[in-house]
Amino acid sequence: MQLSLIKHQGCATPFLRHLLDFRVYQTRQRSQYCNIACTVIRHRWMKRAPVFCTHNTTNKMISTQADKESIDMSKFPVERIRNFSIIAHVDHGKSTLADRLLELTGAITTTDKNKQVLDKLQVERERGITVKAQTASLFYKYQGQTYLLNLIDTPGHVDFSYEVSRSISACQGVLLIVDANQGIQAQTVANFYLAFEAQLTIIPVINKIDLKNADPERVEKQIEKVFDIPTEECIRISAKLGTNVEQVLQEVVKRLPPGVVANIALFGGYLSKGDRIISAYLGKSYEVNELGLLRPDEHPTDRLYAGQVGYVIAGMKEVKEAQIGDTLYHQKHLVEALPGFKPAKAMVFAGMYPTDQSDYSALRSALEKLTLNDSSVTVQRDSSLALGAGWRLGFLGLLHMEVFNQRLEQEYNASVIVTAPTVPYKAILSSAKLIKEHGKEEITIVNPAQFPDRSVVKEYLEPMVMGTIITPDDYIGKIMSICLNRRAVQKNMVYIDDHRVMMKYLFPLNEIVVDFYDLLKSMSSGYASFDYEDAGYQVAHVIKMDILLNGKPVEELTTIVHKDRAYSAGKAMCERLQDAIPRQMFEIAVQAAIGSKVIARETIKAYKKNVLAKCYGGDITRKMKLLKKQAEGKKKMRYIGTVQVPKDAFINVLKRKDK
């Protein structure tokens, strides 16, 4: 960077004496081929020079308007199109590899600042995770021909496996990334089987070979033993340093079949701006206002041809109209709907309320906008005596709930109260009146406060999941202990190498949804990984447990517990509430009750003024009179006082302290 002093009227600008009078401005000069960034330092009272001007390096712009207009999509037949996803466990280097691929193909300039380019949300950059699957179209020259490579970067956490399945359905192959140090993890196994069941070509890539403790040979043996993929098919790379990344692109071109089914499926012909299309799911008609590619930003084109992955803007008013897996077809050409894939299924439900009811309208607007970007969240209106009007939201998991809440705060400046997360139970009704009222015998309960009484129910069903745990064998005993403590049933245990074990357990979802993952990491010093998938419902002996504060039930703290653990769970919740709720000017009785029977109680003592401080002796009856008067005042305050429950208490009270 060069600093030049511009002279004014033959003398140097006396900036040293008036340094505080100067202001710094950032400007950018654009031309057809260049992009020049300038830092301008100008006196605050002067609109013209003298100034100091520093010029940054001039970079060639990759996506100029001229480039956009020059791309002819008809030159990319199906034979030269590859659609692929990057899948892996959390923090195995998916986004870093995506950055290197974008640089190699010229989609972005090569710079040290390229980190998580496709992760556009603030919460993704802060947490270092991918939440939303992102698409980018790359142009890659190989053996004299230019190929169109449609890349989809996917999340790695189990809560967002829906995004992975959505991405896989639009691809013909995947890059399965495995950390050369950590080896195969639980989500690696889950993602492999998603791709395997979809009959996709799988290219194993061993990343982070530059690490000091990297052992790619051990990881190759794990891949061969667990996935039955020969070791010679593995590609060793360092996405951070760019080592062997070029080979990944070459293997994508050589190994993956040409693209046929994409996000927008075109079987022959093309889709153009202005065409009228119909949704096979809703039967509604739309006009195509815009369509194009993602490189990784939106890149409009006039047409999309068969096998190409892109986006379409068609004037849909609500997110419900854009169903994942829906078939869109030309208005004049009726077709049969293509088979879609599984819709997102909410696994965790929680109430969400504004901290101040005057913010209800603003929060409703924020929820509507955010769910447009995250269609996997289910929204249902709800109300509470304590918290007022709000919503009952369904999420894919606890992390999904935390990320959604964080996005509300960051992007919309919304302050909310989130109640304790629960899972959906089912009940087989025995009451003819209730069956007639609901229109069916089996109902689903997402709010514990609406849990039906045992007298009108034949049996309750609780959701089950098949959990996969991969851990070093040093921690087997501890992990088995906490699994049994969570009512889990062991289904399988195999060694994937000399020191690592893969265990499968059938868990009740309610036992793992809040704090099991954190506890597992703590027990295994961070080495164990965990993944789960839906395993249907199973008959269970569960009951509703109410929490009472000074005899008044708090609907938001109502939980469903197993009958055999009701007392211990109630006792633990009362103790945690005793710590979570601040002391008041009156005594607070914290009780856990099943029906009309109280099974546990803790007392939060009141703040107490020393009313005897002014008594320096005298008759004891005067002291007793003052104490009695104080006790009567506390008793009266207890009936009219309001207990304030901190917003974080709703989740913290459910966390266990297993040993």
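Residues numbered from 1 in each chain as written. Predicted model: local features only at pLDDT ≥ 70, side-chain atom pairs only at ≥ 80, totals over all residues. Heavy atoms only, no water.

## Considering the overall build of the protein
Along the backbone of the protein there are 16 helices and 34 strands. Considering only contacts in the protein between residues 6 or more positions apart, those separated by 24 or more positions represent 66%. Total accessible area computed for the protein in this model is approximately 34,100 Å², and 51% of it derives from carbon and sulfur atoms. (Helix = DSSP H or I, 4+ residues; strand = E, 2+ residues; numbered from the N terminus. Contact = heavy atoms within 4.5 Å. Areas by Shrake-Rupley, 256 points an atom, 1.4 Å probe, with all protein chains shown as cover.)

## Topic: the sheet that holds strand β16 (residues 298-300)
The strand order β16-β15-β18 describes an open sheet built from 3 strands, whose pairing is antiparallel. A single partner strand is all that each edge strand has here, and the edge strands are β16 and β18 (311-313). With direction set aside, neighbouring strand axes in the sheet form an average angle of 40 degrees. With 3 bridges connecting them, strand β15 (residues 290-294) and β16 associate as antiparallel partners. Of the residues in β16, the one forming a bridge with G292 is P300. (Pairing = 2+ DSSP bridges. Axes fitted to C-alpha atoms, helices over the stretch in contact; angles between N-to-C directions.)

## A few points about the nonpolar core
The biggest cluster of nonpolar side chains holds 39 residues, and the ones touching the most others in it are I469, F507 and F516. If you list the elements that add at least two residues to this core, you get β24 (425-429), β25 (442-445), β26 (457-472), α11 (476-485), β28 (500-508), α12 (509-512), α13 (516-523) and β29 (529-540). Counting 31 residues, the second-largest nonpolar core is a separate cluster that includes Y140, V245, V248 and V252. (Core = buried A, V, L, I, M, F, W, Y, C linked by side-chain atoms within 4.5 Å. Buried < 20%, exposed > 50% of the residue type's maximum accessible area, 1.4 Å probe, protein only.)

## Considerations on the packing of α11 against α13
Running from amino to carboxyl end, α11 crosses α13 at an angle of 160 degrees, the nearest separation of the two axes being 10 Å. When the axis of α11 is compared with that of α13, the two are roughly antiparallel. Crossing of α11 over α13 shows right-handed handedness. Together, K478, I479, I482 and C483 of α11 and F516, L519, L520 and M523 of α13 make up the contact between the two elements. Taken together, the residues of the contact of α11 with α13 sort by class into 7 nonpolar, no polar and 1 charged. (Parallel < 35°, antiparallel > 145°, perpendicular 65-115°, else oblique. Left-handed = near helix turned anticlockwise from the far one by under 90°. Nonpolar A, V, L, I, M, F, W, Y, C, P; charged D, E, K, R; others polar.)

## Remarks on the pattern of salt bridges
Considering all chains together, one arrives at 16 salt bridges under this definition. A salt bridge links R100 to E103, with the nearest nitrogen and oxygen atoms 3.1 Å apart. Of this pair, R100 and E103 both sit in helix α2 (residues 94-104), 3 residues apart, which is roughly one turn of the helix. Since its relative accessible area comes to 12%, R100 is described here as buried. The salt bridge partner of E442 is K426, with a shortest N-O separation of 3.5 Å. Of this pair, E442 sits in strand β25 while K426 sits in strand β24, placing them 16 residues apart in sequence. Of the residues examined, E442 reaches a relative accessible area of 35% and is grouped as partly exposed. Salt bridges here are not isolated pairs; linked through shared partners, they connect E462, R487, E511 and R565. (Salt bridge = Lys/Arg side-chain N within 4 Å of Asp/Glu carboxyl O.)

## A word on the pairing of strand β20 (residues 348-354)
Counting buried positions over the 7 residues of β20 gives 7, a clear majority of the element. Across the two faces of β20 the burial is the same, with V348, A350, M352 and P354 and F349, G351 and Y353 all buried. Bridge count for β20 against strand β22 (residues 388-395) is 5 bridges, and the pairing is antiparallel. By the bridge assignment, F349 is partnered in β22 with G394. Where β20 lies against strand β23 (residues 416-418), 3 bridges are found, and the strand directions are antiparallel. In the sheet register, Y353 faces β23, and the bridge partner there is I417.

## Remarks on the environment of E79
Take E79: it is sitting in the loop between α1 (65-70) and β6 (81-88). Sequence separation of E79 and Y147 is 68 residues, and the distance between their C-alpha atoms is 8.8 Å. Filtering out sequence-adjacent residues up to four positions away, E79 remains in contact with Y147 and P258.

## Topic: the packing of aromatic side chains
What describes a pair of aromatic rings is the distance from one ring centre to the other and the angle between the planes of the rings. Across all of its chains, the model carries 14 aromatic pairs by this definition. Arranged with centres 5.2 Å apart and planes meeting at 80 degrees, the rings of F192 and Y193 form a pair that is edge-to-face. A ring pair is formed by Y475 and Y527, whose centres lie 6.4 Å apart and whose planes are at 25 degrees; its orientation type is stacked. Within this pair, whereas Y475 is found in the loop between β26 and α11, its partner Y527 is found in the loop between α13 and β29, the two being separated by 52 residues in sequence. On the accessibility criterion, Y475 (15% relative accessible area) is buried. Put simply, the rings of Y505, F507, F516, F530 and Y532 pair up and form one aromatic cluster. One Lys or Arg, K426, reaches over the ring of Y537 and ends 4.4 Å from the middle of that ring. (Phe/Tyr/Trp six-rings, centres within 6.5 Å; stacked < 30°, edge-to-face > 60°. Lys NZ or Arg CZ within 6 Å of the ring centre and 35° of its normal.)

Purely geometric stuff here, so don't read any function into it on its own.
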